[in-house]
Amino acid sequence: MNTQLLRASLFILIGISGLLVLFFSYTYIAKDTSLDSFITLPDRTTPSQVTDQINIGIIGDSWVSGKKIDQPLEQAMSASGFETKIISSGQPGATSRDIYRNLFLDKSARYSSNALLMDEDIDYLVIVAGVNDSVQHYGASFYAHHTLLVAQTALARGIIPVIVEVPEYGIEKFSPSGLISWYMNTLYLWIFDHGNKKVMKSYRSELRKSIPQNITDKVIMVDFSMITEDYETSKYLYDDPAHLNREGNVRLGKLIGNSIIEWQKKSRH
């Protein structure tokens, strides 16, 4: 009798524990993947002018931190006769939502890009995001929603957004360390990315579909596939599966620069 009672108690305990795990998992996921809303900003006092002096801001994750793209982009612009000033702000490990939130942090806070956003002279805002969204499997909608918020915020300030689509990288080389990280990553993989690990193309597609028709001609899209479509055949462009090397950054800077130059020349006609 005591054995039966012990077994029943054990089953009840396991059931309660399972329910608690599900409850806390649901609560955590709901908060961790919540979607931010658009924040209204004051109008820009100095409207952007089309001139040979170009002021470019760059925000993003570790692909931006350390001014990795600044010099290659400046050189690409200079080669076409444009005098350029570049300001960059990157946060290693940042998701698209982090990058959006950084725009509104106090200027003294670490990783704040508020000073850049509120700069009255910025003409273009380059947005580099998506690696951390995709490797953590936050889902295409999460990435598209927050990247679009960044672009809409730039437009609200009279700044032209330049979106670098989710870049190609060695996403399949990554595996979470630790039991909790593995558990959450596996949940996200199946809940938000339907079990598909290599999701860059689906994230890019979702972003393009999410851009409202009334602003499609106001946003510059940078197609990363112009650099490479496959990490495995282009490892010479990478320091590691998640980051470009010097040559890769030069190519990215040139690609962004050419996109801005083409837009700049069209604006003159």
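K.L.:
Which parts of the structure should I look at to understand the packing of helix H6 (residues 140–156) against helix H8 (residues 200–210)?
P.N.:
Angle between the axes and distance between the axes are the two parameters that describe a pair of packed helices. The contact between H6 and H8 brings their axes to 8 Å, and the two run at 45°. As far as their axial angle goes, H8 and H6 are oblique. Of the two elements, H6 crosses H8, and the hand of that crossing is right-handed. Judged by residue contacts, Ala140, Ser141, Tyr143, Ala144, Thr147 and Leu148 of H6 engage Ser202, Tyr203, Glu206, Leu207 and Ser210 from H8.

K.L.:
Would you explain the side chain of Arg157 in this entry?
P.N.:
Summarising the element assignment, Arg157 is placed in the loop between H6 and strand E4 (160–164). Arg157 sits in the buried class, given a relative accessible area of 1%. Reaching out from Arg157, the side chain makes a polar contact with the backbone oxygen of Met118 at a distance of 3.2 Å. When residues no more than four places from it in sequence are discounted, the contact partners of Arg157 are Leu41, Pro42, Asp43, Arg44, Leu117, Met118, Asp119 and Glu120.

K.L.:
Help me understand the sheet that holds strand E2 (residues 83–90) in this model?
P.N.:
Hydrogen bonding along the main chain pairs the strands of a sheet, whether they run parallel or antiparallel. Across the sheet, which stays open at both edges, the five strands sit in the order E2-E1-E3-E4-E5 with parallel pairing between neighbours. Looking at which strands have only one partner, the edges of the open sheet turn out to be E2 and strand E5 (220–222). Here the average twist between neighbouring strands, direction ignored, is 20°. Relative to strand E3 (residues 124–128), strand E1 (residues 53–60) runs parallel, the two being bridged by five bridges. Bridge pairing links Ile58 to Val126 in E3. With respect to the sheet, helix H2 (residues 70–79) is in contact with E1 and E2, its orientation differing from that of E2 by roughly 160°. Sheet strands in contact with helix H9 (residues 246–267) are E1, E3, E4 and E5, and its direction is about 155° off that of E5.

K.L.:
Even after reading the chapter, I still don't get the nonpolar core, so can you show me in this structure?
P.N.:
Side chains of nonpolar character tend, in soluble globular proteins, to be buried together. Counting residues in each nonpolar core, the largest one holds 63 residues, and the members touching the most others are Ile56, Ile58, Val126, Leu252 and Ile256. Tallying contributions element by element places H6 first for this core, with eight residues. Aside from chain neighbours lying at most four places away, what touches Ile56 is Leu73, Met77, Thr84, Lys85, Ile86, Ile87, Ile122, Tyr124, Val126 and Ile260. Ile29, Phe142, Met184 and Tyr188 belong to the second-largest nonpolar core, a separate cluster that totals five residues.

K.L.:
What am I meant to see in the side chain of Gln91 here?
P.N.:
Relative to the assigned elements, Gln91 resides in the loop between E2 and helix H3 (96–102). Accessibility expressed as a relative area gives 16% for Gln91, which makes it buried.

K.L.:
Quick question: what am I supposed to make of unusual backbone geometry here?
P.N.:
Note on backbone geometry: most residues besides glycine have negative phi, and most peptide bonds are trans. For Lys67, which is not glycine, the phi torsion reads 55° and is therefore positive. Along the chain, Lys67 turns up in the loop between E1 and H2. In this structure Lys67 comes out as exposed when scored by relative accessible area, which is 52%. Backbone geometry at His194 places phi at a positive 55°, although glycine is not the residue there. Relative to the helices and strands, His194 resides in the loop between helix H7 (179–192) and H8. Note on His194: relative accessible area 60%, which makes it exposed.

K.L.:
How should I be thinking about the environment of Thr147 in this particular structure?
P.N.:
Here Thr147 is to be found in helix H6. For the pair Thr147 and Ala129, spaced 18 residues apart in sequence, the C-alpha separation works out to 7.4 Å.

K.L.:
I tried to follow the layout of surface pockets on my own but got confused; where do I start?
P.N.:
To find the voids left in a structure, one rolls a probe of water-molecule size over its atoms. Within this model, the largest pocket holds a volume of roughly 300 Å³. Around the largest pocket, the lining is made up of 16 residues, and of these Val135, Gln136, Pro176, Ser181 and Asn185 lie nearest the centre. When residues of the lining of the largest pocket are traced back to their parent elements, those giving at least two are helix H1 (2–32) and H7. Tallying contributions element by element places H7 first for the lining of the largest pocket, with five residues. Tallied by class, residues from the lining of the largest pocket come to eight nonpolar, six polar and two charged.

Here is what the cut-offs are and how they apply
Residues numbered from 1 in each chain as written. Predicted model: local features only at pLDDT ≥ 70, side-chain atom pairs only at ≥ 80, totals over all residues. Heavy atoms only, no water. Axes fitted to C-alpha atoms, helices over the stretch in contact; angles between N-to-C directions. Helix = DSSP H or I, 4+ residues; strand = E, 2+ residues; numbered from the N terminus. Parallel < 35°, antiparallel > 145°, perpendicular 65-115°, else oblique. Left-handed = near helix turned anticlockwise from the far one by under 90°. Contact = heavy atoms within 4.5 Å. Buried < 20%, exposed > 50% of the residue type's maximum accessible area, 1.4 Å probe, protein only. Polar contact = N/O pair within 3.5 Å; in protein donor to acceptor, adjacent residues only side chain to side chain. Pairing = 2+ DSSP bridges. Core = buried A, V, L, I, M, F, W, Y, C linked by side-chain atoms within 4.5 Å. 1 Å grid on protein atoms, 1.4 Å probe; cavity = no way out; pocket = protein on both sides within 12 Å on 5 of 7 lines; lining within 4 Å. Points joined across faces, edges and corners; volume = space filled by probe spheres on them. Nonpolar A, V, L, I, M, F, W, Y, C, P; charged D, E, K, R; others polar.

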